[in-house]
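The chain contents come next:
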Amino acid sequence: MPTDPLHRKIDAIWRIESPRLIASLTRMVRDIGLAEELAQDALVAALENWPGAGMPDNPAAWLMATAKRRAIDQLRRQQLQQRKHEQLGHDLVAELDGGHADITDALDDDIGDDLLRLVFTSCHPVLSKDARVALTLRVLGGLTTDEIARAFLVPEATIAQRIVRAKKTLAAADVPFEVPRGPELAERLAAVLEVIYLVFNEGYSATAGDDWMRPHLCEDALRLGRVLAGLMPEQAEVHGLVALMEIQASRSRARVGPNGEPILLLEQNRALWDRLAIERGLAALARADRLGGSLGPYALQAAIAACHARARVAEETDWARIAALYGVLAGVAPSPIVELNRAVAVAMAGGPADGLAIVDAIAAEPSLQNYHLLPSVRGDFLARLGRRTEARAEFERAASLTRNERERALLLSRAAACDAGA
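Residues numbered from 1 in each chain as written. Predicted model: local features only at pLDDT ≥ 70, side-chain atom pairs only at ≥ 80, totals over all residues. Heavy atoms only, no water.

Another point: the overall build of the protein chain. A tally of helices and strands in the protein chain yields 20 helices and two strands. The 422 residues of the protein chain split such that 48% are buried. Here the contacts in the protein chain between residues at least 6 apart in sequence split such that 64% fall between residues at least 24 apart. Put simply, the protein chain shows about 20,000 Å² of open surface, and 52% of that area lies on carbon and sulfur atoms. (Helix = DSSP H or I, 4+ residues; strand = E, 2+ residues; numbered from the N terminus. Buried < 20%, exposed > 50% of the residue type's maximum accessible area, 1.4 Å probe, protein only. Contact = heavy atoms within 4.5 Å. Areas by Shrake-Rupley, 256 points an atom, 1.4 Å probe, with all protein chains shown as cover.)

Below is the structure:
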């Protein structure tokens, strides 16, 4: 992280402006990789020039003008060998030299459309899920490859390769820089929302490493979700996802103890929950509801989270409603994970034996065989039924499956508690 005050300001400006900059440049050059290179060149120029000349009154416009000039220079060096580049060169020269009297006006032209196109391009289904996540964090989140690598606990070279391959794949497939229409929009929007929620979930419950949470990833995902909600205000599921993330993020301070240890939902100090974030989440959920139609998977999960948020103490939680909402979710987006969560709600509403019956019915699902939360949940039910020897074995199995050190310690402590009769 930069330590010099000016460099910190430049870094903050870059985080905010880079998605807009890359989006506008991609519209011009029709190549997300080239657009990012041009944006990076503009950032380097800022780091070289601003310490001596001072920060310009409009840093974003300065970065855009510099990036456009770099684009023109590059095209001229290539001697406009291809017709596409030739036309592009003429367009850029005209735009910079006379097409727009005011650079600020040029920067603001169609910026919402450009950002939306960039979101859908970064999350194009031609890319693997890992590639979509890496590219989205890079071009829309403004994160460096090192930051992404540290967040997901993989080598920096791996992230760099994913991003490079993603750009090459988009170029080779000649993916258009556009927002899809008709039925394709719903399909592609689902992929976009999935990527954003994957980023959030990795921050909310880290899959591996020493930390229970990675708050910066939650913040990045929330920022992307809010941007998308502003760009697509008529899409109920976008608001549903924002609502879900806001309400879940509201618990962040209460989820971690003084030594970094996990604190489970029912044991959290709800006075530490961020009431402002909860209000934002409830407002987003209300917007999704006002748009009409049946709620989608994210809005339904947000409605479940809202039940927890509205309970002043754990004992006031409306578990019957949560179980019912999970039943609806199972119909909309059926999966063993949804059934596992429904089992928890059913157990809280009707007793651990009812929950155990649901868990045992899905225990053979192939997708759950290495999923540590299955034995963790089953162990909890068994412990509440007084079957402590079986519960201990389930907690130990869950601990062997998780890759998160904080979670492993929690599960082993629960296993030990079974011996103590706690």
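Its place among the elements puts R251 in the loop between helix 12 (236-249) and helix 13 (275-290). No salt bridge is formed by the buried R251; its nearest oppositely charged neighbour, E246, is found at 12 Å. At 3.3 Å, the side chain of R251 forms a polar contact with the side chain of Y204. Residue contacts for R251: discarding those within four places in its chain leaves Y204, L265, Q268, W273, A305 and H308. (Lys, Arg positive; Asp, Glu negative; His and termini not counted. Salt bridge = Lys/Arg side-chain N within 4 Å of Asp/Glu carboxyl O. Polar contact = N/O pair within 3.5 Å; in protein donor to acceptor, adjacent residues only side chain to side chain.)

One can describe the packing of helix 12 onto helix 13 by two numbers: an axis separation of 8 Å at closest approach and a directional angle of 160 degrees. Classified by the angle between their axes, helix 12 and helix 13 sit roughly antiparallel to one another. Taken as a pair, helix 12 and helix 13 cross one another with a handedness that is left-handed. Along its contact with helix 12, which presents A236, H239, G240, V242, A243, E246 and I247, the element helix 13 presents A277, I278, R280, G281, L282, A284, L285, R287 and A288. (Axes fitted to C-alpha atoms, helices over the stretch in contact; angles between N-to-C directions. Parallel < 35°, antiparallel > 145°, perpendicular 65-115°, else oblique. Left-handed = near helix turned anticlockwise from the far one by under 90°.)

All right, on to the environment of M232 then. On the secondary structure map, M232 appears in the loop between helix 11 (215-231) and helix 12. For the pair formed by M232 and L116, sequence separation is 116 residues and the distance between their alpha carbons is 8.4 Å. Excluding anything up to four places from it in sequence, M232 contacts L116, F120, L185, L189 and H239.

Turning our eyes to something else, we now look at unusual backbone geometry. Residue R30 is not a glycine yet carries a positive backbone phi of 60 degrees. One can find R30 in the loop between helix 1 (5-29) and helix 2 (32-53). Judged by relative accessible area, R30 falls into the partly exposed class, the value being 48%. The phi angle at D174 is positive, at roughly 50 degrees, despite the residue not being glycine. Relative to the helices and strands, D174 is located in the loop between helix 9 (156-172) and helix 10 (183-204). When its relative accessible area of 62% is taken as the criterion, D174 is described as exposed.

Further remarks concern the environment of G351. Mapped onto the secondary structure, G351 falls in the loop between helix 16 (336-350) and helix 17 (352-362). Measuring from C-alpha to C-alpha, the distance between G351 and F381 comes to 8.7 Å, with 30 residues separating the pair along the chain.

Within the structure shown, the criterion is met by four aromatic pairs. Aromatic pair Y197 and Y298: ring centres 5.6 Å apart, planes at 85 degrees, arrangement edge-to-face. Taken together, the positions of Y197 in helix 10 and Y298 in helix 14 (residues 297-310) put the pair 101 residues apart, joining distant regions of the chain. Like Y197, the residue Y298 is buried in the burial classification. Judged by centre distance (5.7 Å) and plane angle (15 degrees), the rings of F200 and Y204 are stacked. Linking F200 with Y204, this pair stays in helix 10, spanning four residues, or about one helical turn. Pair check on accessibility: F200 and Y204 agree, each one buried. Grouping aromatic residues by their ring pairs yields a cluster made of Y197, F200, Y204 and Y298. (Phe/Tyr/Trp six-rings, centres within 6.5 Å; stacked < 30°, edge-to-face > 60°.)

Attention now goes to the packing of helix 11 against helix 12. Close contact between helix 11 and helix 12 brings their axes to 9 Å; oriented N to C, the two are set at 150 degrees. What the angle tells us is that helix 11 and helix 12 run roughly antiparallel. Helix-helix and strand crossings are classified by hand; for helix 11 and helix 12 the assignment is left-handed. Across the interface between the two elements, A221, L222, G225, R226, L228 and A229 of helix 11 pack against V238, H239, V242, M245, E246 and A249 of helix 12. Looking at the contact of helix 11 with helix 12, its residues break down into eight nonpolar, two polar and two charged. (Nonpolar A, V, L, I, M, F, W, Y, C, P; charged D, E, K, R; others polar.)

As a further point, take the side chain of T402. Among the structural elements, T402 can be located in the loop between helix 19 (388-401) and strand 2 (403-404). Setting aside chain neighbours within four positions, we find T402 in contact with H372, E407, R408 and L411.

Where a protein is soluble and globular, its nonpolar side chains tend to be buried together. Counting 118 residues, the largest nonpolar core has L25 and L228 as the members making the most contacts within it. The dominant element in this core, judged by the number of residues it contributes, is helix 10, at ten residues. In contact with L228, other than residues within four places in its own chain, are L116, V119, L189, V192, L193, I196 and V238. (Core = buried A, V, L, I, M, F, W, Y, C linked by side-chain atoms within 4.5 Å.)

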